[in-house]
Every structure is written in structure tokens, then in C-alpha cells.
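Listed below, chain by chain, are the residues.
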Amino acid sequence: MKPLETALRPVRLRMRLERSLTWGILGMAIGAGAALMLRLGGFLWPIKGLWVLCSLCLLASILLGGLIGFLWPVSIKRAAYQVDHCGLMARVQTALEWEKYQSGEEHPMILLQHQDAQKALEAFDIRTALPLRPRKSVLIIAFGLIVLMVGLGLVPNPQHEVLQSKAIFKQEMGKQAALVEEGAGKLETTDPKENQESRKILGDLARDLRKADSPREALSALDQAQRKLENLWKNDADTLRNELANQGKNDLVSALEKGDAKDTENELKAQGAHQLVQSLTQAAQQTTSSSVQQALSQAAQAVAEGNLSQAQMALNSIAAASSGSPGQAAALIQMARNATARAGQAMGNAVPGSAAQALVSLGLQAGSGQGSGSGVGSTPGQGAGGGAGKGSTNLDAGYQNHSGNPPVQGNTAPKEKVGVYEAIYDPTRLDREGELTRERGDIGDGETTQAQLGPGLGSVDENVPYPQVALEYSQSAVQAVENAKLPTYAQKWVESYFASLLE
Amino acid sequence: MISKEEILSFGDKIDEIREEIAKEIVGQETVIQQLLTALIAGGNVLLEGVPGLGKTRLVRTLSKVASLPFSRIQFTPDLMPADITGTNIIVKTEAGNEFRFQPGPLFASVILADEINRATPKTQSALLEAMQEQSVTVAGVSRPLGDPYFVLATQNPIEQEGTYPLPEAQLDRFMLKILVEFPSLQELGQIVGLTTGGEHEPVRQVTDGETLLRLRQIAQSVPIAEAVQAYALKLVLHTHPELPGAPEITRSFVRYGASPRAAQALISTARVRALMQGRYNVAFEDIDAMALPCLRHRIALNFEGLSQGRTVENVICDLLQDMAQNR
């Protein structure tokens, strides 16, 4: 007897196809439901690539359902039951059961029954009996969910702005990372080891900037890079100070530690030129650090030529690292910091009350300064604009206008002020004209002050030590604070901030 | 050993018998089919119908076609058991007087017990032994009856006054209970033409007892799938309200359910029906088709069922519907 299993193969395949279709459509319904949930979630949280995720979810569900449905085996018994159910009237099931009772001589009834079953199977029209028809209800539900999901795309999504601002932030970080890498490539110090270390630090910074998803992460990376660079320079600065101290130049060492350029120059003047040259040359010979050696030699040469400011600069290029004076690498970091603050502010504007705005408004980064916030009036204007950058705070602490009365802290919305502080020193504006600053006054009562900024100090290829400009910063800030109508506690913040910078 | 040719000729034989019967009996195809099914399955039949529907004629025709000895017993309240079983009578012989057994009408192959519910229970029980054991015991001596042995009892559904309804035990011995319906207008016209007109073609003897036994043997060899058998058994079990898993309808309207004889009847008759349909296996449809005649006389409704106007047929149909959904 020809086994029925062979005759049932097309039926089993058909049943697997039918099951694959059913489960595929079920998968579509489940996928559509999940995609709809994702879509709804997209209104609450900023999810990148939402449409792609939804489409993938839907597609994966359909494929998974269809695949599992097809791969799940269909037993012979099940196939026999199915064909009998479609009009074969238990022929196949009976034949399959009695197949196992085969012995040498078959009972004619069993033989006839088996033949009858096979004949019926051969005449069985699979396509008509087992149509590949999906369940309408499930299909309707699935399509309904898909339409709903697509329809939600027409609803304005508040998270869209957040995602856009995040994308812009990432783009900006990418640019900054490229600039840092470019700067790292051009970096040249006297000490090859220091050069290599600096490049590595900047390289890591560039990588971290690219990875950063928020201003907090970017600023954290910048802080880390700055700390590493400072540690690197600190070694050289300590070496320089030790060498000078060994030469008995303790006063000079103190002046260098303070970071006061005038003091340093005065100390250099106080020393005898000849003796100074000798001491500097000896210190240069004794030191093992090549960058310190070079700085000391340059200073000795400058003193010998009578150019004390050149000598002061040479010494400060190493010593000032401990006080945070920006070198080439530090300038790159500061530039990146400014850009991060600006990008973070843009993100903060997109999402009021976000961490980005909090970071900016709390003035966590010196030199970011653009504290323009649309916060509620109770937020203090802490946008301390120190350092190299557009150091301006535009945030008022709920300032309320009282005509004829002194300003009081109130709950009104903050007013944006223009140009309270202006950049005194901005590495991106070196060798260029300054900007016009205007300050508002009360109508008929106040005064208008105009200030024209001169070109920035230094040149694009030079580093200007911070102590050289810190005093001017401080003076301008105090002046601006007095002219501006800041509350007393905010004035004190600004004053104490600049005082700490000058220490 | 059954041969393939015999199996293949089964359907033809049945058709031949049917065609011969149709010469005498107009319509009643379902009744004839069920009757033949029971005959081949080796069971007895209870025919219920109003008088004048041709029940007696049908049985007589069947016995002619099958060339089987036929006996008709008209049951009346004064009928005694000895009247149907036979009795010992004294016979004068050359050797002297001796008792000789005079067989009663039960000693035939086809017995028509007309209006069985009119006889006393004592007489009814005399028939019981013949139906079940296919033997008669008179004065302590058991005498076997022939094979095939076929009892067809008739009942009148009206005129129940002064009758002795068959007890459940006796009802259970009937394999099928067949309801004879009133003929349609066309059939009535044909009946009148057949019986009041001129001569008509006489029926032929197309089979005999041995052939019927052979047909029975063939039918008993029809295979049945486990699922189908389980379905038949579950159907019988579901008629019992006290058993776990009984459906709602049984628990609500049935007082007592069918006995294991019902399951035997279902399987046996389903086998015959499958062969009659040209199949060599029992199908779910065969069980469904034989469910009513096999179960209707074996199930009793409770008061709630009766008061709600439910019939046994309704309950069986609902049961079949319920089981078909869970098949």
C-alpha cells in the first residue's frame, strides 16, 4: 500500500501556508499595536527615528508571525483531520489508523478502505477546500491600527523640536570635535612627549564630544580634558618654579604663581639683568623638561636683549598653566566650551526647564555667559559672563518696573537685556573690529552709553595670558553691574566671581 | 473469509432489496433504509405510527423479498405468553400419549408484533427472551430460534388508553425506534392506485437468510477510526445528566440517559450505513444519522423538559449540535 503520508504532503504544505498567513496577519495586528504605542510614546519622550522604529516593528512582527506560522510543523494526523473535515468523511483518518495494522495478508475491507482514501485524496482540490483566506476581523483591526498610527503623524508632535535641537547640538558638537582635532594636529610644543600627550587628550576630547548627547556630557568631557591638560602643564609649571626657586628667585616664583603679569614684569626689572640671565641660563641647563628648558632659555635671551615683556611671556607660557591661562590646547577647549554653551542654550530654548537650560542658567561654565532664559521670574540671573566669550547675562531676576522707585525683586517675567557685558576677549574675534554695545536707559532719565570695542588682544597665532586681561574683565564687570539694574545679591555674585578669578 | 467481490457487491444487494420492496411500499425510503440497516446489523425494530401506514405490509414484503419465514402476532390484552412461545401438547402416538412441543408464532425468522403495547407485561416479557437470547424456554427446555431473527414491533402513538407501555428494559432491547410518517399527497395517490387498482408486479425473492448473515459479517468488518468511535461513545455519555461533563441541555431536561446498548446500536448501524453509502469506513455523519433512531426510545425527559414542551428529538438534535462544534 502506498503510504498516505506522501499523499498528505501537499495538504500539510497548504496548511502551513494558511497558518503562516494567519499568524502573519496576527503579527501585523500586534506589530501595529506596538507601533501605535511607540507613536504615542513619541509624544511624551523624544524618540529618534520614530517612523523607522514603527515601520521596523510592524515589519518584524509580520515576518516573525509568518515565519513561525510556516515553520511550526503540521502533523499528519492534523492534516488527515483537516481533509476529512473538508468532505472526505473520516476516510483518511481511518486509513492512517489502520495502516499500522498491516500484516502479510490484508483484510479486503482494509485494502478497499485504504484505496478509497487514496482515491479521495487524489481527487481532493486543495485550493478550493483550503483557501488562503485571512481572518477578516483581525485584518480589519490590523489595518485600523496602522491607519491610526499613520494618522498620528499628522498631529503636531512637541517632541519634534526637542529632537531637532538635539540634532543641531550633535552637529555642533561634531563641528567642535573637528575643530579640536584640527587644532590638535597643528599643536606644537617644545616637548615631543607633552605634544603627544596633548594630542591624545584633545583626540579623546573630540571623540567624547562626538559621543555627547547633552550639554552636560559635553561639558563634562571638556572639564575632564581641561583637568588633564592642566595636570600636564602643572608638572612643567612646578618644574619651572622649582628651578627658579633653586636659583633663589623666590619673589619671581611668587609673582608667577599669582599669575599677575605686572608683578612678574616688576620682579624681572628688580633683578639685575646680568644676574637674571645667568640664573635663567643655569636653571635651563639644570632642568630635564625640554619645554621648561626652552622657556627659560627664551626668557634668558629676552632679558639679555632687554625685552622684559617677552621674558615675562616666555615664563608665563609655562607658569600660567597652573592658573588656567589658555595655551593652544586650552584655547581649543574654551572655544568648544563656548559652542557647547550656545548649543545647550538653543536646546534649552527648545525645551523650557530642560537640563540644558538649567546648566546654562546656573552658569556652570565660565565664559558661556549667554544666560538668556525664558524662565520664570524667580530664576536668578546668574549668567556670569566671565572668561573668553560673550560674557553677558541677559536674565533678570524678575525685575519689576516701578517708576520713580528703586527696582525690587518681583515675579514678573524676566526682561532680556542687550549687551550688558560684552566680550572683552574672544579668541574668535582676534584681529577683528569690536562690536558696538548699547545700553538701555529709562526714557528721559537714564543715559546711553556707547562703547566701541577695540580689536581683541593678541593675534590668532598667539596665546594671551589670562592674568593680563582679568583685571580689565573685572573692572568692566563691576562698571556694568553698577550701571545695570541688578538686585544687590546678583551684584555681589558678579563681584565675588571676578574677585575669585583675580586671586 | 469475506472476499473483495462480496464487499463490492454489498451496495448492489441492498439496492436490489430496496427496489423490490418499493414495488409494494410507496415512499417511506427512510423507514425502509433504517429497517434494512437494523436487519443487517442484527437488531430489532420498534415501529411507531398511526394505523394504516403500511407497517404490517412493509414487514410482510420484507420477509417475502428475503424469503424468510414470517409470523404476525396481533397483541391483545388477553394474549398469553404460551400463545406466542408455543406450548407442550399431548399427542397420541403408537407408543402412547406423549407431550410434543407445538412451537408458537415466535418460531419464525421475521416476527411482526403488532401493537405490542396492548399485551400484558407478562406476554411482553415472553417476547423479551426471544429478542435478546434468540431462544425460547418452555417447560424448562430452551429451544433456539433461527438466524437471522428479526422482531419488528409496532406501536400506535394514539389510543393509549388500556395499553401497557413498554418498560425501559424492554424498550432498550430494540435497536432502533423508527417513526412512520404519514405519506404525502403524491404518495397517497400512489398507494391508492397500488392497492385499489388492478394487478401489480409481484415482489421477487432476491435474497435469503444466509445472504443476510453474510451481509452482516461484511458490515461488521467495516473499520472505524478512534476519533469517530470516541464521538459515538461521548454522545451516549452526554445523555446522562448525573455524569461529569454532561452538557447544560442534558442536565436541564433529561431524567435518565441511554444504556451501553445504545452505543453498540450506534456503532453497528453506522457501519451498515457507511457501506450503504458506498464508503468503507464509518464517518461522523453516520453516527449523526443513526443517533435519533438509536436514542429516541432510550432517553426520558424530566418534568421540566416535559413542562417546557421539549421532545426527546429536540434534546438529541441539540446534543448533536453541541458536539459538532467541539468535534
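Residues numbered from 1 in each chain as written. Chains lettered and ligands numbered in written order. Predicted model: local features only at pLDDT ≥ 70, side-chain atom pairs only at ≥ 80, totals over all residues. Heavy atoms only, no water.

Comments concerning helix H14 (residues 290-305) of chain A
Helical geometry note: an α-helix holds 3.6 residues per turn, so side chains three or four residues apart project in the same direction.
Residues and elements named next belong to chain A.
Here's step 1: For H14, built from 16 residues, the straight-helix expectation of 22 Å at 1.5 Å per residue is met to within 8% by its first-to-last C-alpha distance of 22 Å.
Here's step 2: For H14, the full list of buried residues reads Ser291, Val292, Ala295, Leu296, Ala299, Ala300, Ala302 and Val303.
Here's step 3: At the exit of H14 stands Gly306, carrying a positive phi of roughly 85 degrees. (Helix = DSSP H or I, 4+ residues; strand = E, 2+ residues; numbered from the N terminus. Expected span 1.5 Å × (residues − 1). Buried < 20%, exposed > 50% of the residue type's maximum accessible area, 1.4 Å probe, protein only.)

Things to note about the interface of chain A and chain B
Here's step 1: Residue-level contacts link 17 residues of chain A with 24 residues of chain B.
Here's step 2: Surface buried jointly by chain A and chain B totals about 1,700 Å² across both partners, of which 68% is contributed by carbon and sulfur atoms.
Here's step 3: When the buried surface of chain A facing chain B is broken down by residue, Met89, Met109 and Leu112 of chain A rank first, second and third, together holding 36% of it.
Here's step 4: In this assembly, chain A and chain B are joined by zero salt bridges.
Here's step 5: Every element with two or more residues in the side of chain A that touches chain B is listed here: helix H4 (91-99) and helix H5 (108-123) of chain A.
Here's step 6: Taken together, the residues of the side of chain A that touches chain B break down into eight nonpolar, five polar and four charged. (Contact = heavy atoms within 4.5 Å. Buried area = accessible area lost by both parts, 1.4 Å probe. Salt bridge = Lys/Arg side-chain N within 4 Å of Asp/Glu carboxyl O. Nonpolar A, V, L, I, M, F, W, Y, C, P; charged D, E, K, R; others polar.)

Looking at the pattern of salt bridges
Here's step 1: All told, the structure shown has 21 salt bridges over all chains when counted by the stated rule.
Here's step 2: One salt bridge connects Asp116 of chain A with Arg91 of chain A, and the closest N-O pair in it is separated by 2.8 Å. With Asp116 of chain A in helix H5 and Arg91 of chain A in helix H4, the pair connects residues that are 25 residues apart, well separated along the chain.
Here's step 3: For Asp116 of chain A, a relative accessible area of 15% corresponds to the buried category.
Here's step 4: For Arg91 of chain A, a relative accessible area of 14% puts it in the buried group.
Here's step 5: Of the charged contacts in the structure, one is a salt bridge between Asp286 of chain B and Arg279 of chain B, with a shortest N-O distance of 2.7 Å. Here Asp286 of chain B matches Arg279 of chain B in class, with each residue buried.
Here's step 6: What you see here is one network of salt bridges that share partners, running through Lys200, Asp204, Arg207 and Asp208 of chain A.

Examining the side chain of Thr207 of chain B
Here's step 1: Within the secondary structure layout, Thr207 of chain B lies in the loop between helix H8 (185-196) and helix H9 (209-220).
Here's step 2: The residues touching Thr207 of chain B, leaving out its near neighbours within four places in the chain, are Lys13, Ile17, Val65, Ala66, Ser67 and Leu212 of chain B.

Concerning the sheet that holds strand S1 (residues 45-48) of chain B
All names here are of chain B.
Here's step 1: Strand order in this open sheet of five strands is S2-S5-S8-S1-S9, and the pairing throughout is parallel. Unpaired on one side and paired on the other, strand S2 (70-74) and strand S9 (176-179) mark the two borders of the sheet. Taking the axes of each pair of neighbouring strands and ignoring which way they run, one obtains an average angle of 20 degrees across the sheet.
Here's step 2: Judged from the four bridges that link them, strand S5 (residues 110-114) and strand S8 (residues 150-155) form a sheet pairing that is parallel. Bridge assignment links Ala113 to a residue of S8, and that residue is Ala153. (Pairing = 2+ DSSP bridges. Axes fitted to C-alpha atoms, helices over the stretch in contact; angles between N-to-C directions.)

Digging into the confidence of the model for chain B
Here's step 1: Of all residues in chain B, 98% have pLDDT values of 70 or greater, and the mean over the chain is 89.
Here's step 2: Complex prediction metrics read pTM 0.62 and ipTM 0.85. (pLDDT = per-residue confidence, 0-100.)

What to know about the environment of Ser252 of chain B
Residue and element names in this part refer to chain B.
Here's step 1: Relative to the helices and strands, Ser252 resides in helix H11 (residues 248-253).
Here's step 2: Between the C-alpha atoms of Ser252 and Leu301, which are 49 residues apart in sequence, the distance is 9.2 Å.
Here's step 3: Among the polar contacts listed, one links the side chain of Ser252 to the backbone oxygen of Glu248, at a separation of 2.8 Å. (Polar contact = N/O pair within 3.5 Å; in protein donor to acceptor, adjacent residues only side chain to side chain.)

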